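# Observations on chain architecture
Residues per chain, in single letters:
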Amino acid sequence: MAHAALIAELAERVCEDRHPVDGVYELTVTALDELARETDPRRASAWFLMTALDLLGYAPQLMACVSCERPLAPKPAAFSAPAGGFLCDSCALPAMELVPLPTIKVLRLIASGDIETYRRLKLDSALMNSIEGVLQSQLEHHLDRRLKSLAFINSMSSLSMGKYPPKAGDGAE
């Protein structure tokens, strides 16, 4: 339900103030259908987020360095939402965290629109976390406020991994 709420909230957010965006309704229906067929709702949400970013013109640059435009080497790369995509070794700052190559490859596959191949991929939790991290970073950079459903999903993920929020009075304030 939380992933369906994410899809609905983002669709509503991009169509605010009676300014429809062509394709949002169709994308939303397709994403909800994908969510119904998918065994892992995170996969359907990731596909929807990447497709929505592309539809809105905010898709991250995945093939070349967003700064110098040189093709990215087939290895981990730094991601910068403010810059709009991945950075090569020369353009990335030394402190930037590198995104694993499998994450970049899956993002490229989603961006290509090949949903049939995407459905067949085996994606473990660490890879899904990385994919979601890139997409959420890009999305939140371009929205003027955070999505409540995304914050809820993230809090539920933290709880399922045993990362409980501190309780009042336990000295963690």
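Residues numbered from 1 in each chain as written. Predicted model: local features only at pLDDT ≥ 70, side-chain atom pairs only at ≥ 80, totals over all residues. Heavy atoms only, no water.

## Re the packing of aromatic side chains
Each pair of aromatic rings is reported with the distance of its centres and the angle of its planes. Note the cut-off: Side-chain rings of Phe, Tyr and Trp, where Trp is taken by its six-membered ring, are said to pair if the distance between their centres is within 6.5 Å; with planes under 30 degrees apart they count as stacked, over 60 as edge-to-face, and otherwise as tilted. Under the scheme applied here, a residue whose accessible area is under 20% of the maximum for its type counts as buried, over 50% as exposed, and between as partly exposed, the area being computed with a 1.4 Å probe on protein chains only. We call a charge positioned above a ring when the Lys NZ or Arg CZ atom is no farther than 6 Å from the ring centre and deviates by at most 35 degrees from the ring normal.
This model, assessed by the stated rule, comprises one aromatic pair. Ring geometry for Phe-79 and Phe-86: centres 5.1 Å apart, planes at 65°, overall edge-to-face. Both residues of the pair, Phe-79 and Phe-86, count as buried. Taking the ring centre of Tyr-118 as reference, the NZ or CZ of Arg-43 above it sits at 5.0 Å.

## Some thoughts on the packing of helix H3 (residues 41-56) against helix H6 (residues 125-142)
The following threshold applies: Every angle, taken between N-to-C directions, lies between 0 and 180 degrees, and every axis is a line fitted to C-alpha atoms, over only the stretch in contact when it is a helix. Helix and strand definitions here come from DSSP, where helices need a minimum of 4 consecutive H or I residues and strands a minimum of 2 consecutive E residues; each element is numbered from the N-terminal end. Roughly parallel means an angle under 35 degrees; roughly antiparallel, over 145; roughly perpendicular, 65 to 115; everything else is oblique. For any pair of crossing helices, the crossing counts as left-handed if the nearer helix is rotated counterclockwise from the farther one by less than a right angle, and right-handed if it is rotated clockwise. Whether two residues are in contact is decided by their heavy atoms: any pair within 4.5 Å suffices. As a working rule, the residues Ala, Val, Leu, Ile, Met, Phe, Trp, Tyr, Cys and Pro are called nonpolar, Asp, Glu, Lys and Arg charged, and the rest polar, with Gly in that last group.
Across the interface, H3 lies against H6 with an axial gap of 10 Å and an inter-helix angle of 30°. Regarding the angle of H3 to H6, the classification is roughly parallel. Crossing geometry of H3 relative to H6 is assigned as left-handed. The residues of H6 that touch H3, namely those facing Arg-42, Arg-43, Ala-46, Leu-49, Met-50 and Leu-53, are Ser-125, Met-128, Asn-129, Ile-131, Glu-132, Leu-135, Gln-138 and Leu-139. Counted by class, the contact of H3 with H6 contains eight nonpolar, three polar and three charged residues.

## Notes on the nonpolar core
Counted only if it meets this: To qualify as a nonpolar core, a set must consist of buried Ala, Val, Leu, Ile, Met, Phe, Trp, Tyr and Cys residues joined through side-chain atoms within 4.5 Å.
Ranked by internal contacts, the top residues of the largest apolar core, which has 41 residues, are Trp-47, Phe-48, Phe-86, Leu-107, Tyr-118, Ile-131 and Leu-135. In terms of residue count, H3 provides more of this core than any other element does, eight residues in total. Aside from chain neighbours lying at most four places away, what touches Leu-135 is Ala-46, Leu-49, Met-50, Leu-53 and Leu-107.

## Details of H3
The following threshold applies: What a helix should span is 1.5 Å times the count of its residues minus one. Definition of a polar contact: a pair of N or O atoms within 3.5 Å, with one able to donate and the other able to accept a hydrogen when the atoms are protein atoms, and with sequence-neighbouring residues admitted only if both atoms are side-chain atoms.
For H3, spanning 16 residues, the distance from its first C-alpha to its last is 22 Å, which sits close to the expected 22 Å at 1.5 Å a residue. Here H3 starts with a cap whose side-chain oxygen sits 3.0 Å from the backbone nitrogen of Arg-42, and that cap is Asp-40. One or two steps after H3, the chain reaches Gly-57, where phi turns positive at roughly 85°.

## A closer look at the confidence of the model for the protein
Defined as follows: pLDDT is defined as a per-residue confidence score from the predictor, taking values between 0 and 100.
Per-residue confidence for the protein gives a mean pLDDT of 81, with 77% of residues at or over 70. Across residues 161-173, confidence stays below pLDDT 50; counting only partners more than four residues off in sequence or on other chains, it has six contacts.

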